[in-house]
Amino acid sequence: MEYVSTRGGSRAVDFEGALFSGYAPDGGLFMPRSIPLLDEATLRSWSRLSYPELVKELCSLFIAPELVPRSTLNDLIDRAFSRFRHKDVVHMSRLKDGLNVLELWHGVTYAFKDLSLSCTGQFLQYFLEKKQKHITILVGTSGDTGSSAIESVRGQQNMDIFVLLPKGLCTQIQELQMTTVIEDNVHVFAAHGNSDQIDEVIKELFADVDFSRKYNLMSLNSVNWSRIMVQIAHHFYAYFQCAPSLDTTPLPVVEIVVPTGGGGNITAGCIAQKMGLPIQLVAVVNSNDIIHRAVQHGDFSASEHVKATLAPAMDIQEPCNVERILWLLSGCDGHLVKTLMEQFTASKSLKLPEDLHRKLSETLRSSSASDEDIVRAMRRCWEENQCLLCPHTAVAAHYHYLQLDSCASSTPRCCLASASAAKFQDAVLRAGLVPQLPPEITALTAMETRSTALQRGEDWARVLRECVAAVVRRWEAQRGGSVPPGLQGGAGQVVTQG
């Protein structure tokens, strides 16, 4: 299995090369050169598999056994899921009136990203231990990615992780899940800006080829193919749990409703479709509705401002993984994708070509939800099921209730639940409900915190370059048996007591 850039200007790499990359050298994203197609017999046989077994089968299609032998791959995935609280790793809640909610948030940080990042962390450590190499992980987060990424690599000797969070735009719990991790290899930056501004800085550092190579930069954002690969399993598991019967030909269709921010999960769904899984995908967004407008009208244009909503992980106007979807739908036309994405980067405005828009609207349905819609969906789900939804999952439930109330479709439907409601107390209270906080969450407020502020108007790229260089010098010195003065602990970080 080879991986190529969506922009067609970089040489092909194997899984290890894609894993250790952020963006491809030409600015694109890595994708498999070909997508394996599964027949109905395989789908029927897979329907009996557990979620971890599905992850193993899917990963084995995209990772050559010469790189990671199958038995080793199985062990790495078992290790990745060993910290999950639920015995099945994920859980399907079957609620009133056909509301099926696949809970993907039973990992350490109570977010779906724990699933893909725990596996990715194991893959990284496997290759690093073989090569005795150091990497610098650079992550921008709008909420859950940062804490999941930190938990996947905390305490590891051959990795340092730098996480940029938008100060005041994450929930308090999301921020504390990052700033309370006091490890020498964890460096958290609280930026006074939004997620898109953070992403611009990260792109700038990855685009500096000399800097990126010198410090072995890589990303654990959803630009990393490994995350997309693991997330394909969400769609297969949801399908098998919700399909009424697999004894018919053709196989029945299941609608998968995906809360969408950066677009990693919906991209995984598009790949599952290409693999032959009979699903209808629905991308649901909040008031930051660029993907909804792209699907409905071919208008892939950023709004003037990112709107702060009750679903902050979806407060994104530049969803990077749409590039992967456009590449798939264009017949893997790297030249076209390069032209389109360069136009978007330059102007933040793009009208999709008519043929590409038609294919996008055939592949995806879409819907948007206001904060008022989110609150109503959370309240209705609680009143009808005594089940608390996080605001992101409520965006998906809002779509379900719209279809239910209009009697629009009898197709079985599954809503992907991206996080626990425990992480979003303000939204729960706004819905007039009572937060339910597990003890691990409650304990965060009393813990020591550590972070570095990035002030508005400050040169964030320069600050990060200096901190990365200092941390790598420390790692090199430790290998030599000494640590330079002033480099103990996190680089330039402020420690406070919770």
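Keep in mind it's a predicted model, so treat the numbers as computed, not measured.

Visitor: Before we go on, may I ask you to explain the packing of aromatic side chains in this structure?
Guide: For any pair of aromatic rings, the description consists of the separation of the ring centres together with the inter-plane angle of the planes. Within this structure, the stated rule accounts for 15 aromatic pairs. For the pair F81 and F84, a centre-to-centre distance of 5.5 Å together with 90° between the ring planes defines the contact as edge-to-face. Its relative accessible area of 11% is what places F84 among the buried residues. For the ring pair F162 and F189, a centre distance of 6.1 Å and an interplane angle of 20° mean the geometry is stacked. Remark: F189 occurs in strand β7 (residues 186-191) and F162 occurs in strand β6 (residues 159-166); sequence separation between them is 27 residues. On the accessibility criterion, F189 (0% relative accessible area) is buried. Pairwise contacts between aromatic rings join W46, F236, Y239 and F240 into one cluster. Positioned above the aromatic ring of F20, the side-chain terminus of K133 is 4.9 Å from the ring centre.

Visitor: Before we go on, may I ask you to explain the packing of helix α16 (residues 371-385) against helix α17 (residues 391-405) in this structure?
Guide: If you want to describe how two helices pack, look at the angle between their axes and the distance between the axes. Contact pair α16 / α17: the axes reach a minimum separation of 8 Å and the direction vectors enclose 75°. Between α16 and α17, the angle is such that the two are roughly perpendicular. Packed against α16, whose contacting residues are D373, I374, A377, M378, R380, C381, E384 and N385, the element α17 presents P391, A394, V395, A397, H398, Y401, L404 and D405 at the interface. Across the contact of α16 with α17, the residue classes tally to 10 nonpolar, 2 polar and 4 charged.

Visitor: How should the nonpolar core be read in this particular structure?
Guide: For soluble globular proteins, nonpolar side chains are generally found buried alongside one another. One finds F123, W225 and F236 to be the most contacted residues of the largest nonpolar core, which totals 111 residues. Beyond its immediate sequence surroundings of up to four residues, F236 is in contact with L38, L43, W46, L54, L58, A272, M275 and L277.

Procedures and definitions
Residues numbered from 1 in each chain as written. Predicted model: local features only at pLDDT ≥ 70, side-chain atom pairs only at ≥ 80, totals over all residues. Heavy atoms only, no water. Phe/Tyr/Trp six-rings, centres within 6.5 Å; stacked < 30°, edge-to-face > 60°. Buried < 20%, exposed > 50% of the residue type's maximum accessible area, 1.4 Å probe, protein only. Helix = DSSP H or I, 4+ residues; strand = E, 2+ residues; numbered from the N terminus. Lys NZ or Arg CZ within 6 Å of the ring centre and 35° of its normal. Axes fitted to C-alpha atoms, helices over the stretch in contact; angles between N-to-C directions. Parallel < 35°, antiparallel > 145°, perpendicular 65-115°, else oblique. Contact = heavy atoms within 4.5 Å. Nonpolar A, V, L, I, M, F, W, Y, C, P; charged D, E, K, R; others polar. Core = buried A, V, L, I, M, F, W, Y, C linked by side-chain atoms within 4.5 Å.

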